[in-house]
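Architecture at a glance
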Amino acid sequence: MINKKTFQTAAYPGRNALVDNVKGLIVFFFIITNIYFNAKLSFKMPEWSIHEGNVVGMPFWGYLNFSLMDLGPAAFFFLIGLTVFPVFSKHVERDGTRAAYKQFFMKNMAIVGIFCTLTFIKSKVLNENFDWDTIQSVGFTGVLLMPFMSAFMRKHTLARLIAGLGVLVLFHIFHKEIYIFHGYQGGLSACVGYLGIVLIASALADAMKKGILPYAAASAFIIGAAVLSDKLTGKSVFFEDYNTTYMLMSTAFLNTAYFVFYTIDKFLLKGKRIPILSTMGRNIFFYLILSLLIMAVIMVFMADIRLNEGQLIMLEVGTVAVYALISIFLEKKNITFKL
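Cut-offs applied
- Residues numbered from 1 in each chain as written.
- Predicted model: local features only at pLDDT ≥ 70, side-chain atom pairs only at ≥ 80, totals over all residues.
- Heavy atoms only, no water.
- Helix = DSSP H or I, 4+ residues; strand = E, 2+ residues; numbered from the N terminus.
- Rg over C-alpha atoms; globule rule 2.2 N^0.38 Å.
- Buried < 20%, exposed > 50% of the residue type's maximum accessible area, 1.4 Å probe, protein only.
- Polar contact = N/O pair within 3.5 Å; in protein donor to acceptor, adjacent residues only side chain to side chain.
- Contact = heavy atoms within 4.5 Å.
- Expected span 1.5 Å × (residues − 1).
- Salt bridge = Lys/Arg side-chain N within 4 Å of Asp/Glu carboxyl O.
- Bend = angle between axes of the 7 residues up to and from the residue.
- Phe/Tyr/Trp six-rings, centres within 6.5 Å; stacked < 30°, edge-to-face > 60°.
- Core = buried A, V, L, I, M, F, W, Y, C linked by side-chain atoms within 4.5 Å.
- Axes fitted to C-alpha atoms, helices over the stretch in contact; angles between N-to-C directions.
- Parallel < 35°, antiparallel > 145°, perpendicular 65-115°, else oblique.
- Nonpolar A, V, L, I, M, F, W, Y, C, P; charged D, E, K, R; others polar.

Moving on: the overall build of the protein. If you tally the helices and strands in the protein, you get 14 helices and two strands. Over its C-alpha trace the protein gives a radius of gyration of 20 Å, about what one expects of a compact globule, namely 20 Å for 339 residues. When its C-alpha atoms are laid out on the principal axes, the protein stretches across 55 × 50 × 40 Å. Taken across its 339 residues, the protein has 47% of its residues classed as buried.

In this fold, Thr141 is placed in helix α5 (residues 134-145). Taking the relative accessible area as the measure of exposure, Thr141 reaches 2% and is therefore buried. In terms of polar contacts, Thr141 uses its side chain to reach the backbone carbonyl oxygen of Ser137, at 2.7 Å. Beyond its immediate chain neighbours, meaning those up to four positions away, Thr141 contacts Phe77, Cys191, Tyr194, Leu195 and Val198.

Moving on: helix α14 (residues 309-333). Here α14 is 25 residues long and its end C-alpha atoms lie 36 Å apart, about the 36 Å a rise of 1.5 Å per residue gives. Taken together, the buried positions of α14 are occupied by Leu312, Glu316, Thr319, Tyr323, Ala324, Ser327 and Leu330. Looking at the buried positions of α14, the neighbouring elements they touch are α1 (17-38), α12 (277-282), α13 (284-301) and β2 (336-337). Two or three places before Gly310, at the opening of α14, Asn308 has a side-chain oxygen 3.1 Å from that residue's backbone nitrogen.

A few words now on the pattern of salt bridges. In total, this model carries seven salt bridges according to the counting rule given. As a salt-bridge pair, Asp20 and Arg15 come within 2.7 Å of each other at their nearest N and O atoms. Taking the shortest distance from any N to any O, the salt bridge between Arg282 and Glu331 comes out at 3.0 Å. Here Arg282, found in helix α12, pairs with Glu331, found in helix α14; they are 49 residues apart in sequence, far enough to count as distant. Assessed through its relative accessible area of 5%, Arg282 is described here as buried.

Let us now look at helix α9 (residues 187-210). The end-to-end C-alpha distance of α9 is 36 Å, a good match for the 34 Å that 24 residues give at a rise of 1.5 Å each. Of all the bends in α9, the largest measures some 25° and sits at Gly193. Taken across its 24 residues, α9 has 20 buried, putting it largely inside the fold. Looking one or two residues beyond α9, the residue adopting positive phi is Gly211, at roughly 125°.

Moving on to the packing of aromatic side chains. In the structure shown here, the tally under the stated rule is 20 aromatic pairs. Ring centres of Phe78 and Tyr258 lie 5.8 Å apart, and the angle between their planes is 65°; on these two criteria the pair is classed as edge-to-face. Placement of the pair is Phe78 in helix α3 (residues 72-95) and Tyr258 in helix α11 (residues 244-269), with a sequence separation of 180 residues. Since its relative accessible area comes to 3%, Phe78 is described here as buried. A residue is classified by how much of its surface remains accessible, and Tyr258, at 2% relative accessible area, is buried. Note on Phe115 and Phe285: the rings are 6.1 Å apart at their centroids and 50° apart in plane angle, and the pair reads as tilted.

Quick look at the nonpolar core now. Where a protein is soluble and globular, its nonpolar side chains tend to be buried together. With 87 residues, the main nonpolar core has Phe76, Phe78, Leu82, Leu145, Met247 and Tyr258 as its most contacted residues. Tallying contributions element by element places α9 first for this core, with 12 residues. Residues in contact with Leu82, not counting those within four places in the same chain, are Val19, Ala201, Ala205, Met208 and Tyr258.

Residue position: Pro214 is located in helix α10 (residues 212-232). For Pro214, a relative accessible area of 33% translates into the label partly exposed. For the pair Pro214 and Leu204, spaced 10 residues apart in sequence, the C-alpha to C-alpha distance is 9.3 Å.

This brings us to the packing of α9 against α10. One way to put it is that α9 packs onto α10 with a least axis distance of 7 Å and a crossing angle of 155°. As far as their axial angle goes, α10 and α9 are roughly antiparallel. Listed contacts from α10 to Ile200, Leu204, Ala207, Met208 and Lys210 of α9 are Pro214, Tyr215, Ala218, Ser219 and Ile222. Taken together, the residues of the contact of α9 with α10 sort by class into eight nonpolar, one polar and one charged.

All we've got here are geometric facts, nothing functional implied.
Structure representation (structure tokens):
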């Protein structure tokens, strides 16, 4: 359900500006990568930039064993983990525990319902099979997260870190049984792994609050856990499988990238919002819905058109410009769309 109002026009007290800025970058990444993923191209994109690219033998990417675009799904859950527990705690303080749980459940079910409906409409328009997608996984993972939202877990960082790693260990042990719920973009089974990412990211968020050195130490631990998983499980990263090593390795990679943004924010931006990016970050689900609509238009009206490099760049630059103009309008009117 929509929480109280479709949009609010108040200021944005208590929001994490860095998270909003990075969410804005994710919106840009999402629309740009999905345009060239869905558009028919008259040329071949680099293997490291496409889903399930053949990165064997490539420096860096060959070790990770997944491409840049394969990071997209995990990025949503990493960012969710950075804020979900503090936000939930504020709802508990304001509305009480029962109301907070109800609102959290309804919000996540709304995400599942809205994007399942949009995906269903898209499948009918394009005469395709109805498939699960990453955005639906955001809502379903939120439902799986509910047992971990207790006061004890919200208070204890180490408990969430252990829980996150424990979930991923169980995900590896029982992967065959959980895999029966596998589907496009990982299906329901991948949500168990995503749950681990959210819990681990929430522990990293607590380390960030303590300063750059504690965050650096926590980051090194996650990198070590990812490397250890790759060595001990006997099962390297595989994007389509969404296995434990993929979950840990993508978390380590995303956190390393976030560490760079964190450092820039700490010493240069000092908590300031970046215009356009922060607005897009605050309105991320609005832009995801808009992106799905744009993808549908491209796939319907450009189904028989093959784009060359210049045409692809023009399409992507034009879309980014439209997003920026919408963001300027939302910022000027001080509007935030919320679920």
